[in-house]
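Understanding the architecture of this molecule
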Amino acid sequence: MSADEVAKAFVQHFYQTFDTNVAALSGLYAPNSVLTFEGTQVSGTQNIMAKLSGVGQVKHDIKSMDVQPSQSQNAIIIFVTGSIKIGGDNPLHFCEMFQLVSTGPGAYYVHNNVFRLNYGF
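Predicted, not measured: the structure shown is a model, and the values here were computed from it.

1. Looking at the overall build of the protein
From N to C terminus, the protein includes two helices and six strands. Of the regular secondary structure in the protein, the N- to C-terminal order runs α-β-β-α-β-β-β-β. Scaling as 2.2 N^0.38, a compact globule of 121 residues should have a C-alpha radius of gyration of about 14 Å, and the protein matches this with 14 Å. Going through the 121 residues of the protein one by one, you find that 38% of them count as buried. Accessible surface, the protein as shown: approximately 6,900 Å² in total, 51% of it carbon and sulfur. In the protein, the 6 positive side-chain charges and the 8 negative ones have mean positions that sit 5 Å from each other.

2. Observations concerning the pairing of strand β1 (residues 29-37)
Pairing between β1 and strand β6 (residues 107-118): five bridges, direction parallel. Paired with L35 across the strands is N113, a residue of β6. Looking at chain direction, β1 and strand β2 (residues 40-43) are connected through four bridges and run antiparallel. By the bridge assignment, F37 is partnered in β2 with T40.

3. Quick notes on the nonpolar core
Residues F10, F14, L25, Y29, L52, I78 and F98 are the most contacted members of the largest nonpolar core, which totals 29 residues. Sorting the residues of this core by element identifies α1 (3-20), β1, α2 (45-53), β4 (75-86), β5 (92-104) and β6 as the ones contributing at least two each. Looking at which element gives the most residues to this core, the answer is α1, with seven residues. With sequence-adjacent residues up to four places away left out, F14 is seen in contact with L25, L28, Y29, E96, F98 and N113.

4. Structural notes on the sheet that holds β6
Pairing in this open sheet of six strands is mixed, and the strands run β2-β1-β6-β5-β4-β3 from one edge to the other. This sheet does not close on itself; its edge strands, each paired only once, are β2 and β3 (58-69). Neighbouring strand axes in the sheet, compared pairwise and without regard to direction, differ in orientation by 15° on average. Taken strand by strand, α1 contacts β1, β3, β4, β5 and β6, and its axis lies near 160° from that of β3.

Conventions we followed
- Residues numbered from 1 in each chain as written.
- Predicted model: local features only at pLDDT ≥ 70, side-chain atom pairs only at ≥ 80, totals over all residues.
- Heavy atoms only, no water.
- Helix = DSSP H or I, 4+ residues; strand = E, 2+ residues; numbered from the N terminus.
- Rg over C-alpha atoms; globule rule 2.2 N^0.38 Å.
- Buried < 20%, exposed > 50% of the residue type's maximum accessible area, 1.4 Å probe, protein only.
- Areas by Shrake-Rupley, 256 points an atom, 1.4 Å probe, with all protein chains shown as cover.
- Lys, Arg positive; Asp, Glu negative; His and termini not counted.
- Charge placed at Lys NZ, Arg CZ, Asp CG, Glu CD.
- Pairing = 2+ DSSP bridges.
- Core = buried A, V, L, I, M, F, W, Y, C linked by side-chain atoms within 4.5 Å.
- Contact = heavy atoms within 4.5 Å.
- Axes fitted to C-alpha atoms, helices over the stretch in contact; angles between N-to-C directions.

Coordinates in, geometry out; function isn't part of it.
Shown next, in the form of structure tokens:
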């Protein structure tokens, strides 16, 4: 699979799973994974899952996705923009970055994940 194909499949899976069963995202993270969520950094699968689960019920609408190769041949960077409804409230714009690292042919985990809401200025 090309980096674009991996990214497209990952983004579809990640946000569909986040919206319907956030606990099922745990298999995408590893003990050395790091998440920065609105400026708060946590590491490790358990801490990341606690942070993501604490957001509550969400619905994502993806607007764009960009993909780049990373420093290593075994990693890719994915940048996503869209809107998110939290608990049924009005949608907010967000951007999110992932660095996926390969653990074998066709297998990746999220090594880095950065999430930010985009407020009007």
